[in-house]
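# Architecture at a glance
Listed below, chain by chain, are the residues.
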Amino acid sequence: MKFQQISKSKRHTKFYDTHTGDIFFAHGFTYMKTSHFEDDNDVVNAVQLDSLSKGELVFFEEDEDVDILKSEVVINYEANDVMSWV
């Protein structure tokens, strides 16, 4: 007798698989999903986290391929790493 696990068929993850706050990769950059909202007549649903355009609000189609970061991100910091006054 042989026991064998049968895996389900897989599909590439789509933007609609992400949840608000999820970090994901697309087009060679890193993004975080935001709430779906309008900004100056543009519809946005993510913010770019890296490159020269970091902080830029962007829009992803629901069926667009993305790669979702599954691990929990932990940022270690000390008191002198936090700026409270400018």
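Residues numbered from 1 in each chain as written. Predicted model: local features only at pLDDT ≥ 70, side-chain atom pairs only at ≥ 80, totals over all residues. Heavy atoms only, no water.

Let's shift gears to the environment of glutamate 64. The topology assignment puts glutamate 64 in the loop between β4 (57-58) and β5 (67-68). In terms of polar contacts, glutamate 64 uses its side chain to reach the side chain of histidine 27, at 2.6 Å. (Helix = DSSP H or I, 4+ residues; strand = E, 2+ residues; numbered from the N terminus. Polar contact = N/O pair within 3.5 Å; in protein donor to acceptor, adjacent residues only side chain to side chain.)

By the secondary structure assignment, threonine 18 is in the segment before β1 (23-26). Aside from chain neighbours lying at most four places away, what touches threonine 18 is Phe24, Lys33, Val66 and Ile68. (Contact = heavy atoms within 4.5 Å.)

Considering the arrangement of structural elements, one finds leucine 57 in strand β4. With a relative accessible area of 33%, leucine 57 lands in the partly exposed category. Considered as a pair, leucine 57 and asparagine 45 are twelve residues apart in the sequence and their alpha carbons are 7.4 Å apart. (Buried < 20%, exposed > 50% of the residue type's maximum accessible area, 1.4 Å probe, protein only.)

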